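Results of the structural survey
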Amino acid sequence: MEMKVVNIRIDGKPYEAHEGKSLLDTALSLGLYIPHFCYHPALGSVGACRLCAVKKFRDTNDTRGRIVMSCMEPVVDGLIVSINDPDAKAFRAAVIESLMTNHPHDCPVCDEGGECHLQDMTVMSGHNYRRFDFRKRTHNDQYLGPFISHEMNRCIQCYRCVRFYRDYAGGRDFNVFATHNNVFFGRHEDGTLQNEFSGNLVEVCPTGVFTDKTFREHYTRKWDLSNAPSVCVHCSVGCNIIAGERYDTLRRIMNRYNGAVNGYFICDRGRFGYEFVNGKDRILSPRTRDSRDLEQAEMPADQVFTALEPLFSKDRKIMGIGSPRASLESNYALLRLVGEENFFHGISGKEQSLTRAALQFMQNSGIVVPSLKQVEKADAVIILGEDLTNTAPMMALAVRQAARNIQITEALAKGIPFWNDLPVRELAQDRKSPVYIATPVKDSLDDVAERSFRGTPAGISKLGFNISSVIKRQAIVPGDNDDEIRNLAEQIARTLLKAENPLVIAGITCLDGNVLNAGMSIASSLLSLNKKVMFIPVLPESNSMGLALMPGKSLDDAADTLSVQGTDTLIILENDLFRRADEDTVANMFGKSGRVVVLDYLNNPTARAADILLPATAFAESQGTIVNNEGRAQRYYKVLAAGEGIKESWQWLNQVSGIRSDNVPVSPGHFDDIVASMVTALPVFSAIKEYIPDADFRMLNAKVPRQTFRYSGRTAMNAHRAVSEKRVRQDPDSPLAFSMEGRRESPPSSLVPFYWTPGWNSVQAFYNYIDHPNGSMKGGDPGIRLIRQAERVNSGSFEMITGYFESEGDGWLIVPLYRVFGSEELSSAASSLRQLVDDPAILVNRRDAERLNVDDGDSVRLETSGKRLVVKVKIENSLVSGVAGLTVNLPGMNFVDLPASGEILKI
Amino acid sequence: MERPLTGHIKKGEAPPGFREYYRAGGYNGTIKALKEMTPAGVTSLVKASNLLGRGGAGFPTGVKWSLVPMEGENIFPKYLVCNADEMEPGTFKDRLLLEGNPHQLIAGMIAAAYAIQAGTAYIFLRWAYKKAERELRKAISEAYREGFLGKNILGTGFNLDIHVHTSAGRYICGEETALLNALEGKRGIPRTKPPFPATSGLFGKPTVVNNVETLSWISHIVEKGADWFKGLSLTGTGGTKLYGVSGRVKRPGLWELPLGVTIGEIINEHAGGMHDGYAFRGVLPGGASTDFLVEEHLDVKMDFSTVAAAGSRLGTGTMIVLDDRTCPVAFLQNVEKFYALESCGWCTPCREGLPWVEKMLSAIEDGKGKMEYLDILKFHTSYMGPGHTFCAHAPGAAEPLQSGLRFFHDDFKRHIEEKKCPWK
Amino acid sequence: MLTEEEKKEILEEAELYPYPAAACIDALKIVQKHRGWVSDESVGDIAEILRMSEDEVDGVATFYSRIYRRPVGRNVILICDSISCMIMGYKTLYKYISEKLEISFGETTSDGRFTLLPVSCLGDCDNAPAMMINDDHYNNLTVEKIDELLEKYK
Ligand SMILES: Cc1cc2nc3c(=O)[nH]c(=O)nc-3n(C[C@H](O)[C@H](O)[C@H](O)COP(=O)(O)O)c2cc1C
Ligand code: SF4
Ligand code: FES
């Protein structure tokens, strides 16, 4: 949206501003603080709290002026306002005084204390003397599940929670109840919040009503945390996060603003999945066993290299298996150690070929690969085969916002600016920009969908190819297309053609090549008509895209190679193969390997099967680069000291490479040296070196401190071990220091360890790090796009492979269903999140269940791709007949190769 | 004296049925509008009449209608809403019109809906008005039967449905945008303005909200013209007005009088003056959300601008009289408690300010007040003033308080100094 | 569970609006008309029939003062406590009724016969003090009239 620049005056000074924006937004962009509560950049203005009052003057002759709410005041040329006007100031102080009449005086014991927006605003507004001498209103608190604590008495009724939860995130099990000063924010009864984004309440709430329950269990004041910029490792979206540490444990995850990716929010998997880092499943020391029939035993640290030496000597045949959840640097260190021809990606052949196909399309077709921010701007969306809420939650949230675009456009046409939240919603009522969803099973985005199509992967791809054909004005794809598919395809094609910013989201996680091809086919048909079109795939893991950009073969190839040639040493990087191939295959691979070395941090079945197990660091203890599904390389930094003897995988691997005389370690072996070596060897990554500050980066000769200047206890916190103060931990690999000293003013955007500026202790300090609310981080949003839009359009053509995964005869078609809580390996080891993981289940519709003579909760035996497993039945009527959905990748579940046909038998 | 609005209402008798009212010419204006006039013609006639809204704010009705888009994309459906919520303490004027002559309202609504080309109208009715509901429903079904509602009314091609929606309580639902939310089945929180309902109203569509008394005029004005209407008032504002008086007067009640009669005339002549043994101390001239006027104001003419000039508002024209045997502090405590409880809870000054005000007033009344409370109370009257809050609820509450603090300052002081209510 | 009659009435109301949720308040009132108050279970039933969540229905239900979310007696006495009735002495009325029935505002007699509630202005200001019992208005009340009046409600 182009906006005219106009001249306004604030407190006598001239400023340039964008016409039509709100005055509050404008002031905050200019670095002028106007206190506020109910306004939130992502939620817009509603004029409820009345704290953002300023004085507005008619013209230069007007000396009296009148109080207006800056959040509701559109910027127009010649606007004259005063923030410092005495009346305005007195009014703002009065608003705080009002709110304080009921607010408890529990700051010293309140979880929010020290990072409380209300504290900030109270100080900023200057109210300090209490005149109210009556009783306060009180409320009961609710149990809201394992993530969120509720303390309603602290509520200042800004309505942000309910606006985020309901209006922004689409949650329906939360609301505001009652009226006058008795309004209550919560659920209609105690119970776990159902929305996957509930954790954002912690940051959206300006006081301590909603706080992080997991943080509470090992609470620390904000100023006592060490923090580091990090990137979420729980899906392929790559949300930016701030990780906080105290006493060598990871204490919490907070959002880190990235205007192009996650903005102000993250999902609950990302926020609460961190507990695995502190969990009991960590591998804390090297382990080994002399023979496979023995149990692993702990190995003294000084013997590790003696043990490894014979396994990696030059005469040994070695093979390496990388990982889509390990960093580029670790994968590269492995690749370098074993050589390109012996490097395997550690993902199935199917997954690899799908990911690569998507990648090629993104690189060569000329398509626009959108950031999440661009996803939010789409005016028509088609989602094929991907249950976004469960596989890439924040992308689902972005699509939810995209569905609102029509409201914003319609309102604008009536002169209602986009930030004027209530009128925009009232005008449009429930009208939505077109979103079409084609998935096997009902989807949490269905409520914003114009139409949802339910079908088999084959049905979904048929729909997709039909859309593509209609777009290209080709005949409908021959075959047994029913009318439903044909009509729907016509409708969707028409919508996409009409749209200015259409977006195709295609799933890889449904593991059906036709579905992805159909998505690419739609996109390329639009491209061939010179339409601007966006395409983005959802990939299974945090660094799936990074891995795809590297050379290397698949896990199937590894199994084949092993079965033919065997190897002396097999080294597996941060990868539980049992999640990716069936037990027999993995057992065979181990059988054909002389010794198996595993590097990992969670004690999974693969780790337990290792001959030598090397303890690696989890993300919070490591530095690394991962590439998200849009091809954005992002770096995370360590916040935590790993235990004695635990190393980052790339360090292990680099050191091991010294054992092979033809392969000296990268020297001197700092992180940047590995990166330098990587970009030389693999030029696709060369942009990384240019853009992300290296360890030598300094601001005025100082590193960026991970700690606030109020950090306390440094001299005392280790006193029970030694009375003299320990030297602060050194971090030769990054420009961040484990200390409170250093320069904290405006570090490069990718190095921001926490938000703080004078006057802003709350998360709201983010205003000072972004160029304007909802804009970019100052200096550009973190991350580097490795995939650039191709200039030449070469979209290729895509064909439907017929007969692919149709259910055969009377058998069932079993499709994989993912669960936001449970299907991702690392977060499932988090104790709070684990409480929300359901048992494995097979979902069928009611009629099919009746056919099987089973009911909800009955156990059945499922036989598919040579597997037999016993699971519980769950009735899910959105599934089409003959299709059963198996929840996959849940903790303790064996690998099942899906989609596939299968048998379900009553037991 | 002409009494166009109440002329057909007979105390203790059932309201006129369709036939009766029709024969009396009650629907003449409606028929004329639909058969002989363009929608724009009706609007400009109403504009010319200078009919000012009778719901309290006194906004010119014709101007309000003319803000409704008449051409362009996506303007239909449009809605007309009759505000029959009437929940302000001391206000009971619409009740008479609803119970006494529902056909007059329906006739007016048909003409109004025609003017803005609304196809659906809702009557948002106060929950307690059970009799009015019965009479309205009866009258509406008669109007359907007689072809004045439904499809193709009087063969003109104009369609209109009228639905009665009974409220579930809450004074704030009388605020026209909160009312729209309530009609949409939502929490009755007021809406941001602008945009005004005329552009984005009920279900996001162009909507006009008018008071019962306002709408009851329309058919008369169409029939008899703007000049006739203007001539009815004493001050040229236009029309008669329903005036009511409650409190310790001899004959509390409701009268249709020309706009512009004086306060004194209404209280002393129509209401018969103060009850024996009671003396007049002050009056809220237009309902509980208007400033006190006192003895010296008895000559003030009851029309919009004159009452405003005297420092209060005409409001709904229903007066509440404060007598000398009622404690003004207790009076205000009662009023402010009402406002505190009826706050919708959306904006801070209202939600938090009113309970504080009420608590201080209670404390003073109970002999536990402090002098400092008078300053805090005074401060609240501007803190909760117009423009400072999201809607006009809290500013309405501030009006009697600010003038009460001024006119009854000595009474407040005595409460605090004597540590008790002198009236107890 | 909603009765067939309740369902029918609710669906009829829903017909009058562009989408079912707009009939939420009507639905609450219908249920209350039949049952005296709206239980948690009814909130759930209304949610289902209007395709809303329970939280949505309850957010609305708790906003409106004339929706009862707690059980009430067979007869509900609403005494107007607003300004005109205050001037005209509602407090005496309240005191009398309260002592007679041995309940205060917000309470129900032990035999479940009466619930006593304060109410904002009933629009009977010219005939104050006023009150309602169930759907019936009474005004110009004096303590003397109360006994006989209450007798009408069993
Ligand atoms: C708190 C509040 C309560 C109101 N209550 C009523 C009401 O009960 N009846 C009414 O007609 N107008 C009421 N109004 C005024 C309406 O908002 C609106 O101005 C009126 O219905 C417009 O009708 P009119 O133009 O015919 O006067 C209220 C306003 C406020 C701020
Ligand atoms: S002034 Fe504010 S809180 Fe009060 S009723 Fe209006 S919007 Fe609601
Ligand atoms: S931020 Fe402007 S009113 Fe709350």
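Here, the structure is the one placed above.
This is a predicted model, so every value here is computed, not measured.

**As for the packing of helix α3 (residues 40–49) of chain C against helix α4 (residues 54–61) of chain C**
Residues and elements named next belong to chain C. Taken N-terminus to C-terminus, the directions of α3 and α4 make an angle of 115°; their axes are 8 Å apart at the nearest point. The hand of the α3/α4 crossing is right-handed. In this structure, α3 uses V43, G44, I46 and A47 to contact α4, whose residues at the interface are E54, V57 and D58. Classifying every residue of the contact of α3 with α4 by side-chain character gives four nonpolar, one polar and two charged.

**Overview of the interface of chain C and chain B**
Contacts between the two partners involve 39 residues from chain C and, on the opposite side, 49 residues from chain B. Taken together, both faces of the contact between chain C and chain B bury some 3500 Å²; the carbon and sulfur share is 59%. A per-residue breakdown of the area chain C buries against chain B is headed by C:F63, C:I83 and C:I87, which together make up 20% of the total. Joining chain C to chain B, the criterion identifies two salt bridges. A salt bridge links C:D135 to B:K130; the nearest nitrogen and oxygen atoms lie 3.5 Å apart. Between the two partners, chain C and chain B, sit 20 residue pairs in polar contact (both at pLDDT 80 or more). Of all the elements in the fold, those that place two or more residues in the side of chain C that touches chain B are α2 (24–35), α4 and α5 (83–87) of chain C. Here the side of chain C that touches chain B is built from residues that sort into 23 nonpolar, nine polar and seven charged.

**Observations regarding the sheet that holds strand β6 (residues 240–246) of chain B**
Residue and element names in this part refer to chain B. Ordered in space as β7-β6-β9-β8, the four strands form an open sheet in which the pairing is mixed. At either margin of the open sheet sits one strand with a lone partner, and together these are β7 (253–258) and β8 (280–284). Sheet twist, expressed as the mean angle between neighbouring strand axes with direction ignored, is 30°.

**Quick look at the packing of aromatic side chains**
Considering all chains together, one arrives at 51 aromatic pairs over all chains under this definition. Ring geometry for B:F18 versus B:F148: centroids 5.2 Å apart, planes at 55°, classification tilted. Of this pair, B:F18 sits in helix α1 (residues 18–23) while B:F148 sits in the loop between α7 (130–145) and β3 (150–153), placing them 130 residues apart in sequence. Members of the aromatic cluster, connected to one another through ring pairs, are A:Y33, A:F164, A:Y168, A:Y257, A:Y264, A:F265, A:Y755, A:W760, A:F766, A:Y767 and A:Y769. Taking NZ or CZ as reference, A:R252 lies 4.7 Å from the ring centre of A:F215, over its face. It is A:K647 that lies over the ring of A:W652; its NZ or CZ is 4.9 Å from the centre.

**So, the pattern of salt bridges**
Evaluated as defined, the whole model comprises 78 salt bridges over all chains. A single network of salt bridges, built from pairs that share partners, joins A:R163, A:D167, A:R404, A:D421 and A:R425.

About the cut-offs
- Residues numbered from 1 in each chain as written.
- Chains lettered and ligands numbered in written order.
- Predicted model: local features only at pLDDT ≥ 70, side-chain atom pairs only at ≥ 80, totals over all residues.
- Heavy atoms only, no water.
- Axes fitted to C-alpha atoms, helices over the stretch in contact; angles between N-to-C directions.
- Helix = DSSP H or I, 4+ residues; strand = E, 2+ residues; numbered from the N terminus.
- Left-handed = near helix turned anticlockwise from the far one by under 90°.
- Contact = heavy atoms within 4.5 Å.
- Nonpolar A, V, L, I, M, F, W, Y, C, P; charged D, E, K, R; others polar.
- Buried area = accessible area lost by both parts, 1.4 Å probe.
- Salt bridge = Lys/Arg side-chain N within 4 Å of Asp/Glu carboxyl O.
- Polar contact = N/O pair within 3.5 Å; in protein donor to acceptor, adjacent residues only side chain to side chain.
- Pairing = 2+ DSSP bridges.
- Phe/Tyr/Trp six-rings, centres within 6.5 Å; stacked < 30°, edge-to-face > 60°.
- Lys NZ or Arg CZ within 6 Å of the ring centre and 35° of its normal.

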